[in-house]
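Take a look at the letters that make up each chain.
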Amino acid sequence: MAEEVKVMGMWISPFSRRVELALKLKGVSYEYIEEDLANKSPLLLKYNPIHKKIPVLLHNEKIFIESTVILEYIDETWEGYSLLPEDPYQRAMARFWVKFIDEKCGTAVWIACWSEGKDQEKAMEEAWEHLRTLENELKGKKFFGGETIGLVDIAANLIALWFGIFEEVAGIKLLDEEKLPILCRWIEQFLSCDLVKESLPPRDELLMFFQARKEAITASKSMVYKI
Amino acid sequence: MADEVVLLNAWVSPFGSRVRIALDEKSVEYQYREENLQDKSPLLLQMNPIHKKIPVLIHNGKPICESLAIVQYIDETWKDDKAPPLLPSDPYQRAQARFWADYIDKKVFSSVMGILRSPKGEEQEKAKKEFIEALKVLEEELGDKPYFGGDNFGFLDLSFVAFYSWFYSMETLVHFDIEAECPKLIEWGKRCMEKKESVAKSLPDSLKIYDFALQMRKKLGVD
């Protein structure tokens, strides 16, 4: 029976891009459906009526939402490339760092980029603290997953591309090579992988997207799709 | 070599309750250490230097943090006849369980904290609305099943039931009746308390939680 794999995502979303990277690493073919979160489609409302978010993974008519949950499902369902290690302790560590990236790094960097004055200074300090903590995890390793890209690396796509975009739009510098040499080196390694390149949007287009929404995002402190 | 298992916890924590239930379900013997969160022990600071939070499970000297990561670790480490699986075996069901556990962390916990920490007024009302909405969504997910896991108590049940002992405090602080809004959830909570020894043993007393809640509100100056 032919497998039906579909991904509903948005080209600017690091979260749906994570799902795409994971599927590519596993060598799984999928149909991509672009969703415009400024104008939610009937299809999205059908597949994710409660939360109305992307990414959505459809696998043989079963629906999966929440990028980190989808990544674990992908790892369990398709053999071959492993996204998570076998050892339970290493797996627990990977889950810890994925949560840290989204909840601590993601939140701190978002606030730092879209606030001003003293608030921004304070948020930048917090962001650096979290990024330095994360960087420690990379010591002696090529990737968070060791020799190859793993779950944590995939989740850190947010850092590799989006953080750089946000800071450029905001006019601040967080990913400083002097302050975060190991993390910056990881970013370079990560972005040089072919499958990663294939799974990311063009940088200049992503930059334009966020630049056009800078004022609106700064005013609301939350993501703005409609301009 | 005998396993050395230590749990650093604070009795009020629903996250800690999750871990206690999981350890009990798996019949794992462990040493319990109560932490004073106003005066954290050197062990806690050493084992969770990043967040300095409980619960922390220390297994043969190695710390594991974040309650859902700990519960999955417990499920993956202790697997034998004495230790029924906590997560479903089917990958789709597993994904569902993980999704809803994450939802509980994001929506239930944040609204509980909102109710707890806000003075009476708009902010608290907003948190109350969020809390009720989250409960309704979860009740819909439960449906007519005896447990979130279906016929058997599982990962999602233990992730959520940890908050059951906080229900009384929430109802009393913001004046509403959870049973009226979500009767199935209350039935489910009672079922877990009656049928699962691990739950009855691991959940703190609702009235003690309420005392704690009042003390906390006094300390924060919101009452």
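1. Considerations on the nonpolar core
Core analysis: the biggest nonpolar cluster contains 165 residues, and Leu57(A), Ile159(A), Leu183(A), Trp186(A), Leu57(B), Phe131(B) and Phe160(B) have the highest contact counts within it. Counting residues per element, this core draws most heavily on helix 4 (residues 88–114) of chain A, which supplies 16 residues. Among all residues touching Phe131(B), those that are not within four sequence positions of it are Val108(B), Ser111(B), Val112(B), Ile115(B), Phe167(B), Met170(B), Phe176(B) and Ile178(B).

2. Thoughts on the sheet that holds strand 2 (residues 31–34) of chain B
Residue and element names in this part refer to chain B. Sheet architecture is open: four strands sit in the order 2-1-3-4, paired in mixed fashion. The sheet is open, and its two edges are formed by strand 2 and strand 4 (62–65), each paired on a single side. When the angles between neighbouring strand axes are averaged without regard to direction, this sheet yields 20°. Taken together, the four bridges between strand 1 (residues 5–9) and strand 3 (residues 56–59) define a ladder with antiparallel strand orientation.

3. Topic: the packing of aromatic side chains
For any two aromatic rings, the description comes down to two numbers: the centre-to-centre distance and the angle of the planes. All names here are of chain A. Counted by the stated rule, this structure contains 31 aromatic pairs over all chains. Between the aromatic rings of Trp110 and Trp114, the centroid separation amounts to 5.5 Å while the plane-to-plane angle is 65°, which identifies the pairing as edge-to-face. A residue pair is termed a helical-turn pair when its members lie 3 or 4 positions apart in one helix, as Trp110 and Trp114 do in helix 4 at four residues. There is no split in this pair, since Trp110 and Trp114 are both buried.

4. A few points about helix 4 of chain A
All names here are of chain A. A rise of 1.5 Å per residue sets the reference length of helix 4, with its 27 residues, at 39 Å; its end C-alpha atoms lie 38 Å apart and thus fit the reference within 8%. Within helix 4, the axis deviates most sharply at Phe100, by approximately 30°. Within helix 4, 20 of the 27 residues are buried, which leaves it mostly tucked inside the rest of the structure.

5. Focus: the interface of chain A and chain B
Contacts between chain A and chain B engage 24 residues on the former and 25 residues on the latter. Both faces combined, the contact of chain A with chain B buries some 2200 Å², and carbon together with sulfur accounts for 67% of it. Among the residues of chain A in contact with chain B, Tyr89(A), Arg95(A) and Phe96(A) are the three that bury the most area, contributing 26% of the side total. Put simply, chain A and chain B have eight salt bridges between them. Where Arg94(B) meets Glu76(A), a salt bridge forms, and the shortest distance between an N and an O atom there is 2.9 Å. In this assembly, chain A and chain B are joined by seven residue pairs in polar contact (both at pLDDT 80 or more). Only strand 4 (62–65), helix 3 (67–77) and helix 4 of chain A provide two or more residues apiece to the side of chain A that touches chain B. Classifying every residue of the side of chain A that touches chain B gives 13 nonpolar, three polar and eight charged.

6. Quick word on the sheet that holds strand 4 of chain A
Residue and element names in this part refer to chain A. Strand order across the open sheet formed by four strands is 2-1-3-4, with mixed pairing between neighbours. A strand with exactly one partner marks an edge of an open sheet, and here the two such strands are strand 2 (31–34) and strand 4. Pairwise comparison of adjacent strand axes, ignoring direction, gives a mean angle of 20° for this sheet. Pairing geometry for strand 1 (residues 5–9) and strand 3 (residues 56–59), over four bridges, is antiparallel. In the sheet register, Val5 faces strand 3, and the bridge partner there is His59. Against the sheet, helix 1 (residues 14–25) makes contact with strand 1, strand 2 and strand 3, and its axis sits at roughly 155° relative to strand 1, the strand it touches most.

7. Some points on the environment of Met8(A)
Residue and element names in this part refer to chain A. Mapped onto the fold, Met8 is located in strand 1. The class of Met8 is buried, set by a relative accessible area of 0%. Those residues in contact with Met8 that lie beyond four places of it in its chain are Ser16, Ile33, Glu35, Ser41, Leu43, Leu44, Tyr47, Ile54, Pro55 and Val56.

8. Regarding the pairing of strand 3 of chain A
All names here are of chain A. Neither face of strand 3 is left uncovered, since the one carrying Val56 and Leu58 and the one carrying Leu57 and His59 both have all their residues buried. Pairing analysis gives four bridges linking strand 3 to strand 4, with the strands arranged antiparallel. Bridge pairing in strand 4 links Val56 to Ile65.

What counts, and at which threshold
Residues numbered from 1 in each chain as written. Chains lettered and ligands numbered in written order. Predicted model: local features only at pLDDT ≥ 70, side-chain atom pairs only at ≥ 80, totals over all residues. Heavy atoms only, no water. Core = buried A, V, L, I, M, F, W, Y, C linked by side-chain atoms within 4.5 Å. Buried < 20%, exposed > 50% of the residue type's maximum accessible area, 1.4 Å probe, protein only. Helix = DSSP H or I, 4+ residues; strand = E, 2+ residues; numbered from the N terminus. Contact = heavy atoms within 4.5 Å. Pairing = 2+ DSSP bridges. Axes fitted to C-alpha atoms, helices over the stretch in contact; angles between N-to-C directions. Phe/Tyr/Trp six-rings, centres within 6.5 Å; stacked < 30°, edge-to-face > 60°. Expected span 1.5 Å × (residues − 1). Bend = angle between axes of the 7 residues up to and from the residue. Buried area = accessible area lost by both parts, 1.4 Å probe. Salt bridge = Lys/Arg side-chain N within 4 Å of Asp/Glu carboxyl O. Polar contact = N/O pair within 3.5 Å; in protein donor to acceptor, adjacent residues only side chain to side chain. Nonpolar A, V, L, I, M, F, W, Y, C, P; charged D, E, K, R; others polar.

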